[in-house]
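Residues per chain, in single letters:
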Amino acid sequence: MSEAKKMNDNKIDSYRRRFLGQSAAVTAGITFGSGLLLNAVAEARPADQPATSKNRWGLLIDTSKCASDCDECVKACEMEHGWGRGSHDEQHSRPEQKAQWIRKVTVRDRATGYQTSLPMMCQHCAHPPCVDVCPTGASMKRADGIVQVDKHLCIGCRYCMMACPYKARSFVHEDLHDQRVDSPRGKGTVESCNLCVNRVDRGEQPACAEACPEKAILFGDLKDPSSAIARRLASEPSTQIRGDLGLDLGVRYEHL
Amino acid sequence: MKPTTFRELAGTSTGYYALLGILGLLIASGLGAAYYMEHNGHWVTGMTNQIVWGMPHVFAVFLIVAASGALNVASMASVFGRTPLKPLSRLSGLLAIALLVGGLVVLVLDLGHPDRLIVAMTHLNLKSIFAWNIILYTGFIAIVAAYLLTMMDKSVSQYSKRVGFFAFLWRLILTTGTGSIFGFLVARQAYDAAIMAPMFIALSFSFGLAIFMLVVFAAYRWGGRSIGGFMINRLQRLLGLFAATAVFFVIVFHLTNLYAAEHHGVEQFILDGNNVYSGLFWVGYILLGTLVPLAIAYFKPFRASMGWATTAALLVIAGGFSIMYVIIIGGQAFPLQLFPGKEVSSSFFDGVVNPYTPSLAETLLGMGGFAFALALVAVAVRLMKFLPLSLADADVDPHYKPPA
């Protein structure tokens, strides 16, 4: 091998090394940067300012990553809001009477036998039937799309439970003593997933999204085209459960 | 036909006080049951997060629907000119108010927070059919009270026809509102149908008249006043007509559902389900609550008999409770379709038929409301001139000919 050719090869190797190094840096930068972006989806809103319709908070759930034997999202919700395993209450209530803000649902195709597992909670409809039917306005939708119950106005008529297409709501059947500060609950009122409004207002993610070991639950602002959730919804197929009802859901599913 | 003389019921007999005593006992049991449920919470009831409306709602909706139907006798006289029924118009208005109040008491006492009734009165979400109903119910009581006034106070009697017409319109809207509570539920397979509103109106005619007949027969028999075959026959045939109208709507509702494959599941569950709902539908509502009263109304051997008319009215009421139970409980027992065409299962009882056994407390609350309505009538007819002195053929039949 001639001296000139050896030098030329070394030059190519150094170019290659530099290129690989730069690529790695760019890749790391993008990964790290998008991670930062992901964490910054919900900027903390000052406590004296109301929620606005500039945001619409939502979830995108990738069912292909959701294991049938995993219920970390459910557990995280129970701990966050103090129901189920996260509370010592509801000792008298029968299983059919106990509250469930989020549950794992197994869906089986009758024809093929194919099974899917997914978390089901309030779908935070843009046109929520529970809000329409509530006589007192206790069942309400915030400007940023979060649907929840005003515990001071709820008279416990349960009409919202009749109207919800997702069985997302529960009625509290007995006295409670073990409530969380951020999650008011009480006998004789109706409750449901509130998209962890307490956390979202602090600029954090809902507990279920944070707890999912597979990162199958993506939280973000559906109205912000640069958000990770909006970008993924724009580039990948997704489904709304009972989309035929035209409720325009805040919670979307992938691979369903 | 002679002018009608109205007179308070004497109400001095042991029987009258015994009746009040029994009703009082039922009211006290209902109140006790309500206290027990509210104090402990709804875990002591048969209701769950799957069957959220139970026995109290069956009673409450039945009574509210019957209330608007009870006004029909007055409407038929003043709006449709059926003068033979005119003597009973006052009682018709009274019973309408009483049944509505009875139904509302049950509904309110079953709330998770009955103490927040004032919230329901002051915070109205006008998109909610429930909120409309709060206005429709209170309005109904006010309008029918005004209607009664025009019937009982000669100085304002010239307004009777107009107020009566307004009350008739209001009651149609009111029952439309009650039926639409179910008709507007988009997500439930057993509901979500516009026909719910007219179906409830048709059902209200028969439920209301059946209770009305029982009240009239009890007042006249126990009060020692005379009631002739003419009035009995008229009420009996009218009940047959109303029962037939109601079953027509029920049949159309189910036929329409049977035509659509998406509703086959729920229709099979209700009509052919080897469960309590199918039994109540066919035996309770169709056979006992409709076909037998129809036979009593239109076959000659049963004509103008207070015994048979009472049987028919009791059967229509039993059938009414049956169909209300089927609609309200059966509709919730059938699983919600989260993923149409697919099987679902979860820890929250998705995809399974939801069981429900009414607790004694729920039933006592419902019966307490019914008893309260009847007690209001029993006291009112003693205090005020609601009942004609006589409903004998000579007094009410325009073509009456004394026996030769």
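Before going into details, it helps to say that this report is about the structure given with it. (Residues numbered from 1 in each chain as written. Chains lettered and ligands numbered in written order. Predicted model: local features only at pLDDT ≥ 70, side-chain atom pairs only at ≥ 80, totals over all residues.)

### Some points on the overall build of chain A
Along its length, chain A carries 7 helices and 9 strands. Residue pairs at least 24 apart in sequence account for 65% of intrachain contacts in chain A once pairs closer than 6 positions are excluded. (Helix = DSSP H or I, 4+ residues; strand = E, 2+ residues; numbered from the N terminus. Contact = placed C-beta atoms within 7 Å.)

### Some thoughts on the overall build of chain B
In terms of helices and strands, chain B carries 14 helices and 1 strand. In terms of overall size, chain B behaves like a compact globule, its C-alpha atoms giving a radius of gyration of 22 Å where 404 residues would be expected to give roughly 22 Å. By the burial criterion, 50% of the 404 residues in chain B qualify as buried. Long-range pairs, those at least 24 residues apart, make up 79% of the contacts in chain B between residues at least 6 apart in sequence. (Rg over C-alpha atoms; globule rule 2.2 N^0.38 Å. Buried ≥ 20, exposed ≤ 12 C-beta atoms within 10 Å, placed from the backbone.)

### Concerning the interface of chain B and chain A
On the chain A side, the residues contacting the 40 residues of chain B number 46 residues. Counting only elements with at least two residues in the side of chain B that touches chain A, the list comes to helix H5 (117-122), helix H6 (129-152) and strand E1 (342-346) of chain B. If you tally residues by element for the side of chain B that touches chain A, the top one is E1 of chain B, at 5 residues. Residues of the side of chain B that touches chain A, tallied by class, amount to 20 nonpolar, 15 polar and 5 charged. Pairing analysis gives 5 bridges linking strand E2 (residues 102-109) of chain A to E1 of chain B, with the strands arranged antiparallel. When the bridges of E1 of chain B are listed, Thr106 of chain A appears paired with Ser345 of chain B. (Nonpolar A, V, L, I, M, F, W, Y, C, P; charged D, E, K, R; others polar. Pairing = 2+ DSSP bridges.)

### As for the pairing of E2 of chain A
All names here are of chain A. The pairing of E2 with strand E3 (residues 115-121) spans 7 bridges and is classified as antiparallel. Note on E3: the bridge partner recorded for Arg103 is Met120. Joining the antiparallel neighbours E2 and E3 is a turn of 5 residues, in which Gly113 adopts a positive phi near 80°.

### Let's talk about the sheet that holds strand E1 (residues 57-62) of chain A
Sheets are built from strands that pair by backbone hydrogen bonding, the pairs being arranged parallel or antiparallel. Residues and elements named next belong to chain A. Strand order in the open sheet formed by 3 strands is E8-E1-E9, and the pairing between neighbours is mixed. Each of the sheet's edge strands pairs with one partner strand only, and the pair in question is strand E8 (217-221) and strand E9 (251-254). Pairs of neighbouring strands in the sheet enclose a mean axial angle of 20°, with direction left out of account. Of the strand pairs in this sheet, E1 and E9 are connected by 4 bridges, and their pairing is parallel. Paired with Asp62 across the two strands is Glu254, which belongs to E9. Strand contacts of helix H7 (residues 228-235): E1, E8 and E9, with the helix running at about 110° to E8, the strand carrying the most contacts. (Axes fitted to C-alpha atoms, helices over the stretch in contact; angles between N-to-C directions.)

### Brief notes about the sheet that holds E1 of chain B
Spatial ordering of the open sheet is given by E3(A)-E2(A)-E1(B), a layout of 3 strands whose pairing is antiparallel. Both outer strands of the open sheet, E3 of chain A together with E1 of chain B, are each paired with one neighbouring strand and no more. On average, adjacent strands in this sheet sit at an angle of 30° to one another, irrespective of strand direction. Helix H2 (residues 72-81) of chain A rests against E2 and E3 of chain A of the sheet, and its axis sits at about 155° to E2 of chain A.

### Observations concerning the nonpolar core
In terms of nonpolar packing, the biggest core is built from 198 residues, with Ile217 of chain A together with Leu63, Leu95, Leu99, Ile211, Leu239 and Val377 of chain B touching the most fellow members. At 18 residues, the largest contribution of residues to this core is made by helix H8 (residues 196-222) of chain B. If we ignore the near neighbours within four places in the chain, the residues touching Leu239 of chain B are Ser206, Leu209, Ala210, Met213, Pro293, Ala297, Ala312, Ala313 and Val316 of chain B. (Core = buried A, V, L, I, M, F, W, Y, C linked by C-beta atoms within 7 Å.)

### Overview of the packing of helix H11 (residues 276-298) of chain B against helix H12 (residues 306-333) of chain B
All names here are of chain B. Following both chains from N to C, one finds H11 and H12 inclined at 155°, their axes separated by 8 Å at the closest point. It follows from the interaxial angle that H11 and H12 lie roughly antiparallel. H12 is crossed by H11, and the crossing has left-handed handedness. (Parallel < 35°, antiparallel > 145°, perpendicular 65-115°, else oblique. Left-handed = near helix turned anticlockwise from the far one by under 90°.)

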